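Structural overview
Chain by chain, the residues run as shown.
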Amino acid sequence: MPRSHYTGLARPSYDHPAQAGVLLVNLGTPDAPTARSVRPYLAEFLGDPRVIEYPRWLWWLILHGVILRIRPARSAHAYARIWTPEGSPLRVESEKLAAALQTALGTAVRGSVRVALAMRYGAPSVRTQIEQMQREGVRRLLVLPLYPQYSGTSTGSVIDAVADTFKQLRWPPELRIVNDYHADAGHIDALARSIERWWSAHGRGDKLLLSFHGIPQRYVDAGDPYLHHCQGTAQRLRERLGLNATQLEVSFQSRVGREAWLQPYTDATVRRLAGEGIRRLDVACPGFAVDCLETLEEIAMQNHDMFVAAGGESLRYIPALNDSEEQIASLGALIRRHAHDWPEFLSDEAT
Ligand SMILES: C=CC1=C(C)c2cc3[nH]c(cc4nc(cc5[nH]c(cc1n2)c(C)c5CCC(=O)O)C(CCC(=O)O)=C4C)c(C)c3C=C
Ligand SMILES: [Fe+2]
Ligand SMILES: [Fe+2]
């Protein structure tokens, strides 16, 4: 018999009662802070045409000929600085977030809702998790990429992975995908409350800098809404916190390569602010749902040291929302809103 094209699970479960599934998707992270583990992770990540828009063959030569020979060791060194006994912060925090959302949704809605976590690069993959959910009877699926601002390089790539998986399923579940939540009122409120909570514990610095992950300017010029979404989040947060454009500034971090990325760059900005006499600089990174290499190492360590070397007193990193009550409440509400008419999500009052 010819092998079926539908290599994904041929037989969804008929034994389990139908249920709804929520799939959280984050970027992914290496398994260990070693060059050996970082290499395949970077190969998959930087081999994604959504991330690097460059002629394929040319990029393949650069990636395999140069980048994957040098960067894994350098990145591994950075990961080693933030690694925890439980593993990579991005994985640990994402798993805690998924578990907390599972608990919160388990009591807030009437039917059976299963929350799972996938990584866009590495394991567990989007495909593995969707197939597993289907085996367990998930017939309605809401995908929530853990990126508040849409970019083709992040959210767009998650959509690709979901689409590739669905193409191989004989009987795909009903599907909804959250495109972005950069302006969601509950999310803005969660960010504002967590910053205010941090200020009441540690006092307020001289300025608040919001640092978002950068992308090449070229992608924005071609129509990626990412910059617009970052500015939208920042402006709403300014209004919610009662700050003006001088009290709350925006910058973009994590540039890779030589072409121009979104500006102003975070490293140049922290140096400038030190030079302008800012003593205590508070930095938050609202583009990251949970803490990771880019916040804990690049901001809280590297940029902190740059700020101090340029004459500042201290750069104080305000943690990501992670599995805080604010995050669970706002993402829980966002999920319920996107799935409000699914039978599993109807509350007792609504029936
Ligand atoms: C080179 C191109 C890159 C683009 C475009 C890009 C966009 C982008 N990334 C995130 C979120 C994260 N990126 C993280 C790490 C990371 N990012 C890149 C490159 C690009 N990112 C690299 C090479 C790395 C790996 C580390 C390194 O070698 O410097 C992480 C942290 C991962 C972790 O394990 O902790 C996150 C999260 C977004 C949201 C985004 C577009 C908006
Ligand atoms: Fe990145
Ligand atoms: Fe970085």
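The structure displayed is predicted, hence computed values, not measured ones. (Residues numbered from 1 in each chain as written. Chains lettered and ligands numbered in written order. Predicted model: local features only at pLDDT ≥ 70, side-chain atom pairs only at ≥ 80, totals over all residues.)

Another point: unusual backbone geometry. Residues other than glycine predominantly adopt negative phi, and peptide bonds predominantly adopt the trans conformation. With an omega dihedral of -5°, the bond running from A123 to P124 counts as a cis peptide bond. When you line up the elements, P124 lands in the loop between strand 2 (113-119) and helix 4 (126-135). In this model, Q263 is joined to P264 through a cis peptide bond whose omega is 0°. Within the secondary structure, P264 is located in the loop between strand 6 (248-253) and helix 9 (266-275). A positive phi angle, close to 65°, is found at S254, a residue other than glycine. Its location among the elements puts S254 in the loop between strand 6 and helix 9. A positive phi angle is found at N322, which is not glycine, with a value near 45°. Mapped onto the elements of the fold, N322 is located in the loop between strand 8 (314-318) and helix 11 (325-338). Classification of N322 as buried rests on a count of 20 C-beta atoms within 10 Å. (Helix = DSSP H or I, 4+ residues; strand = E, 2+ residues; numbered from the N terminus. Buried ≥ 20, exposed ≤ 12 C-beta atoms within 10 Å, placed from the backbone.)

Running from amino to carboxyl end, helix 3 (residues 89-108) crosses helix 11 at an angle of 60°, the nearest separation of the two axes being 10 Å. It follows that helix 3 is oblique to helix 11 by the angle criterion. Crossing angle aside, the handedness with which helix 3 passes helix 11 is right-handed. Here L97, A100, L101, A104, L105 and A108 of helix 3 lie close against helix 11, whose contacting residues are Q327, I328, L331, G332, I335 and R336. Of the residues assigned to the contact of helix 3 with helix 11, the class counts are nine nonpolar, two polar and one charged. (Axes fitted to C-alpha atoms, helices over the stretch in contact; angles between N-to-C directions. Parallel < 35°, antiparallel > 145°, perpendicular 65-115°, else oblique. Left-handed = near helix turned anticlockwise from the far one by under 90°. Contact = placed C-beta atoms within 7 Å. Nonpolar A, V, L, I, M, F, W, Y, C, P; charged D, E, K, R; others polar.)

Running from N to C, helix 6 (residues 185-202) and helix 8 (residues 226-241) point in directions that differ by 55°, and their axes come no closer than 10 Å. Classified by the interaxial angle, the pair formed by helix 6 and helix 8 is oblique. Remark: the crossing between helix 6 and helix 8 carries right-handed chirality. Of helix 8, the residues touching helix 6 (which contributes I188, D189, L191, A192 and I195) are R236, L237, R240 and L241. Class assignment of the residues belonging to the contact of helix 6 with helix 8 gives a composition of six nonpolar, no polar and three charged.

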